[in-house]
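Given next are the chains, with one letter for each unit.
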Amino acid sequence: MLSGLGGIALASVLATSAYGQGQYYPVNPAGAPYGSTYTGITVHSSPNLQFLQNTLQTIYGPTVTLQVPIPTGSTAPTTAQYTNTVLTCAQAIVTGGAGVPAGVTVGSLAAEAVGWRPADLAATTTAVSQGIITSSATPAAAVANLNSVTDALAKVQPSLINSIVPSIFNAAGASTNTTIASSIPQLTATAVADVPTDLTRVNSIVNAGLAALSASTLTAAQKTTAFTDPSTGIVAALLAAPVATNNPALIDIEVKNLTFGGFSGMASLTAVLNASVAALQSKSNATNATMASLVDGALRSQGGNASTIASVVGGLNPGTQSYTDQVVAGYNNSSSLTAFQGYVTANPSFADAIASGATVRGALTSPVIVQWALVDGTAAPSSVVAAAVYANQSNAIATVLGAINTTARTPYGAATFADIAMGGATAAPVEQVGNVVANILNYTSTSNTTLNSTTVDSVVNAAIAGANSAGKTGAFADIVYKAEAVAYVTPGISGALVTQAVDSINTAGGSSYIAVIAALAGDLHGANRSAIQTAGFAEVGATSGDVTAAQSGASLVQAIQTGGATKTYTNTLSAFNTASTNASPTNSVIADLYAAVLANPNEADAGLAVAIKQSSVSDSLLVSVASDAYRTSHSTFLGLNPALQEVRKVVTHVKSEALAGNIGDLFDFVGHEIVTNTAMTQDIAVAATVIDPDHAHYIAGSVAFNNPLQASASVGSIFTYAQITNPHPLALPSLTNPSGALGTKAFPGSIGVVIDQPAAAAAITASLATGILEANLSTTDTKNALISTISAAVIASVVQNNTVLRGPVNPFNGAGDTAKTFQQSDGGVGTSRSEQTYGAAGAITGYIAEVTNNGDSTISAVTAAVLTAAVGGNARPYALEMAQAAGQALRWVGGTNVSSAAGGSMAAGNPIFDIASAINTTVAGLGGITLTNLENAVAFGITQAAAGVIGAGALGLNATNMNNSNGTVVVKAIGNNNSDFYIHRSATGAPVTDIFNL
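Below you will find a few notes about this structure.

Rules used in this analysis
Residue positions are counted from 1 within each chain, in the order its sequence is given. At least 70 in pLDDT is required for a residue's local features to be given in this predicted model, at least 80 for side-chain atom pairs to be given and counted, and no such filter applies to totals for whole chains, interfaces and linings, which use all residues. Water and hydrogen atoms were dropped before computing side-chain values, which therefore reflect all heavy atoms in the structure. Numbering of helices and strands runs from the N terminus; a helix is a DSSP stretch of H or I covering at least four residues, while a strand is a stretch of E covering at least two. Based on C-alpha atoms, the radius of gyration is set beside the globule rule, defined as 2.2 Å times the residue count to the power 0.38. Exposed residues in this analysis have more than 50% of their type's maximum accessible area, buried residues have under 20%, and partly exposed residues fall in between, with area computed by a 1.4 Å probe over protein chains only. Expected helix span is given by 1.5 Å per residue-to-residue step, counting one fewer step than there are residues. In this description, contact between two residues means that some pair of their heavy atoms is separated by no more than 4.5 Å. Centres within 6.5 Å are what make two rings of Phe, Tyr or Trp a pair, Trp counting through its six-membered ring; a difference in plane orientation under 30 degrees is then read as stacked, over 60 as edge-to-face, and the rest as tilted. Between the N-to-C directions of two axes lies an angle of 0 to 180 degrees, each axis being a line fitted to C-alpha atoms and, for a helix, fitted only over the stretch in contact. Under this scheme an angle from 65 to 115 degrees is roughly perpendicular, one under 35 degrees roughly parallel, and one over 145 degrees roughly antiparallel; angles in between are oblique. The handedness criterion is simple: a crossing whose near helix is rotated anticlockwise from the far helix by less than a right angle is left-handed, and one whose near helix is rotated clockwise is right-handed. For this classification, the nonpolar set comprises Ala, Val, Leu, Ile, Met, Phe, Trp, Tyr, Cys and Pro, the charged set comprises Asp, Glu, Lys and Arg, and every other residue, Gly included, is treated as polar. Note on definitions: salt bridges are taken to be side-chain nitrogens of Lys or Arg within 4 Å of carboxyl oxygens of Asp or Glu.

### Here's the deal with the overall build of the protein chain
Then, in step 1: Helix and strand counts for the protein chain come out as 46 helices and six strands.
Then, in step 2: Taken against the 2.2 N^0.38 rule, which gives 30 Å for 998 residues, the C-alpha radius of gyration of the protein chain at 32 Å falls within 12% of a compact globule.
Then, in step 3: Expressed along its principal axes, the backbone C-alpha trace of the protein chain runs to roughly 100 × 75 × 50 Å.
Then, in step 4: In the protein chain, which comprises 998 residues, the proportion classed as buried is 60%.

### Re helix 32 (residues 585-599)
Then, in step 1: Between its first and last C-alpha atoms helix 32 spans 20 Å; for 15 residues at 1.5 Å apiece the expected length is 21 Å, and the two agree.
Then, in step 2: Across the 15 residues of helix 32, eleven count as buried, placing the element largely inside the fold.
Then, in step 3: When we look at burial in helix 32, the residues that qualify are S588, V589, I590, A591, D592, L593, Y594, A595, A596, V597 and L598.
Then, in step 4: At its buried positions, helix 32 is contacted by helix 26 (476-487), helix 28 (513-522), helix 30 (547-563), helix 31 (568-579), helix 33 (604-614) and helix 34 (619-629).

### Details of the environment of V295
Then, in step 1: Among the structural elements, V295 can be located in helix 15 (residues 288-302).
Then, in step 2: For the pair formed by V295 and A883, sequence separation is 588 residues and the distance between their alpha carbons is 73 Å.

### Things to note about the side chain of K223
Then, in step 1: Along the chain, the position of K223 falls in helix 11 (residues 220-228).
Then, in step 2: What K223 contacts, discounting residues up to four positions off in sequence, is L213, S214, S216, L218 and M266.

### Regarding the packing of aromatic side chains
Then, in step 1: Evaluated as defined, the whole model comprises three aromatic pairs.
Then, in step 2: Ring centres of F260 and F263 lie 5.6 Å apart, and the angle between their planes is 70 degrees; this geometry places the pair in the edge-to-face category.
Then, in step 3: A centroid spacing of 4.7 Å and a plane angle of 40 degrees characterise the contact between Y838 and Y878, whose relative ring orientation is tilted. With a gap of 40 residues between them, Y838 in the loop between strand 6 (832-834) and helix 42 (839-851) and Y878 in the loop between helix 43 (861-870) and helix 44 (879-894) connect regions that are remote in the sequence. Y878 shares its class with Y838; the two are buried.

### Digging into the packing of helix 41 (residues 779-798) against helix 42
Two quantities define a packed helix pair, namely the angle between the helix axes and the distance between the axes.
Then, in step 1: At a closest axis distance of 7 Å, the pairing of helix 41 and helix 42 adopts a crossing angle of 150 degrees. Here helix 42 runs roughly antiparallel to helix 41, going by the angle between their axes. In the packing of helix 41 onto helix 42, the handedness of the crossing is right-handed. Seen from helix 41, the contacting residues are L786, I790, A793, V794, S797 and V798; seen from helix 42, they are G839, A840, A843, I844 and Y847.
Then, in step 2: Considered class by class, the residues forming the contact of helix 41 with helix 42 number nine nonpolar, two polar and no charged.

### Structural notes on the pattern of salt bridges
Then, in step 1: Inspection of every chain in the model, using the stated rule, returns eleven salt bridges.
Then, in step 2: Between K482 and D478 there is a salt bridge, and its shortest N-O distance comes to 3.0 Å. Of this pair, K482 and D478 both sit in helix 26, four residues apart, which is roughly one turn of the helix.
Then, in step 3: Among the charged side chains, a salt-bridge network with shared partners connects D151, K155 and D194.

Structure follows, in structure tokens:
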């Protein structure tokens, strides 16, 4: 995870590899014990962590380290030691002290320190804050630094920010300097602005800010000023912020906290309401909807003072008084359905406002409230629905459906389905807008096979208009996708639907080509593809939209839907490469990204990674598009999916280094990202492999080392995105080859299409094995990690992109050997057949080579357990191939202690029996294969190795001068030198074979 190396040691290690990695133990000759030459991941990949490490060891000595696993004789810092180190670093940064690395700021330090050790996040954040407060040149500088830290942490830790900021707020509040203590409102607003759609965390953040303000060293008068001042108070900071504009849901949750009685000692309810209304008015944000949300928030915490809320708010903003008065009245008159109906009947034109207040009170359910507000009221039906949904966003779908008689399949009152869609799309969280549309359409007819085209089009149009009115343009694609996903089974309406969607998005000022792609993706089985394309392309053209982009995205949707899951990534990769150079590259890349994510959401991270990799379109724009297309998470930063944000970070980092002419830290960078974002390990692995498939083995090793017990979950993705079977691979972009396109080659040893596919499987599997071994787990955890991870690798090695992994027909290039073939045991005594090697056998080769020491005579009990598990599933048909590969690798690395004698006792301790028995446990009887057949295959492999014949996939473990040998590597059919093959040192060792050299 991280190495604590001093300057001299660090420099010497970095000199060993162009990739800046540490030197790992060699398998042949073997390190004793494993890891004896292990140096860990260097802090070189993060100047912030390097600074922390150097400071830690300066204060506490060289045996205290951040390195994981902890080297023998060293210890990890205690919480006190770690936080004191963070404090010292923060002080050095703000004072401009010597030794602070270039680019290190208090914000970047805080982000790294918290991410590296999240268990101590409160203490760490307090230390950073105290360092800033005690050492900044001026109070104003301290406030600026605290704000920078708050912003940085909210951006990198959006799901933890509500647990982080109390430490910052409390540290500021504890300061005896008025300027610093009075900065709590600004700090609170900064945190909220970074996560405005995550209302759960907004609630916690605002509450924490108010609590810190209440407990601060400020005088009573100063606290009141910090609460209600129209320029600097927390009310103004929150409600006059840009993120609160036209955002009733956010206003509601903020006002609920601001009016909480526990904080009334700082400002009275009337004073808070005065400040709240003034804040909204200052930004021309005092509409019926926003003022109603202000009242709703106040009622949630101060329902007993409803009359005060009504009189104060109404008196301050006469233009909305009649409306807000009715919100309060709805709250007061909804203790029972009878009371609610009676009040709506008496005041029908305010049914929407009444519904809002009643929903807040909660005596009646929001679906019931909507139903009877529509039946007994005369307010605009869309406003009724929107008011109730705004007041109960967590129950948006049920609230919307309350407007529909789901038995009769008709709206209540005078509402139309379009009205309901308008209200629902206006008020529902952006992540739910598409679902709102789908649920409405499901109840427009007794069967989805008999939907009315006019009704469907009206719902789509209204939903797009409603979402647009609330600034939720990111919901457009989701609306069209979900609509078609419901409507596609009704014959003949998809063409009209996409036409309407194109027009509606165009009217809203959006990119109308999105409608075509979303409709095609929602047409799950392609039944209406022709109708959608014909109508959609025509309407995009008629409205002066980008037909080229529409066609590009449409082609990718079709390729994904018709190519089968096994071809999805290859098709996606090819599409983006084409889109980036067509007549409309920017829009076409965006269109393809919508297509990739909507038609294949399970690989959204890969779709985004490819888009960034293959194009020059802004990565910030692309991650926004991907998030819009991937509507699944409420835990977002400015509406962006956190996992996709991490994908963006990984791909842009590696790409920028490549285009600058050098990648200096792939292994370290991937490891660092995994350690600080462990839950996103698979996303990180996907992103890194997509951008740099040639070094999939580096990535595999880093994943296995930094998250060994969960590494198996990422294995399939690493294999898929390594492009092992892609006949037209696209490698890492470079200055001279911006697309990364590779050509063919005659023999392994130069960059190009992979010829020896099992060797690629061996390289990746070996890296997974070494990563786990070097993680220094307990014996039990090491065994479990190896079993799960190697099993996943063997399964992934069988087939990729619908192509079985095979070696070349003629795998040798030695003099007189070019026409010869690989010999595979047929299960007989010493007999074999000509065969191209298989990927599963290559994976076994990679694993056995890494766990075998020179001098070993047989496999260990752990390896036996791994083999038993690994040969299951779709790998079972390759039992003989795997048995031979295991014997061949064991003999090649272990040496002469590995006996090939089949005679004598076939019992434990005999390598032939041990390997065959482990495999036989799983495959016994399959296809007539017996234990004897397996023993013969193992023995054949051992005999072949003794004669200098390399096994399946062995080139993946490197041959001398293998990487970029440009054809100089020589592989004989027999008699190869032992020291020239199976020389693998782990993912970070110098002689590792890169994937596209195979």
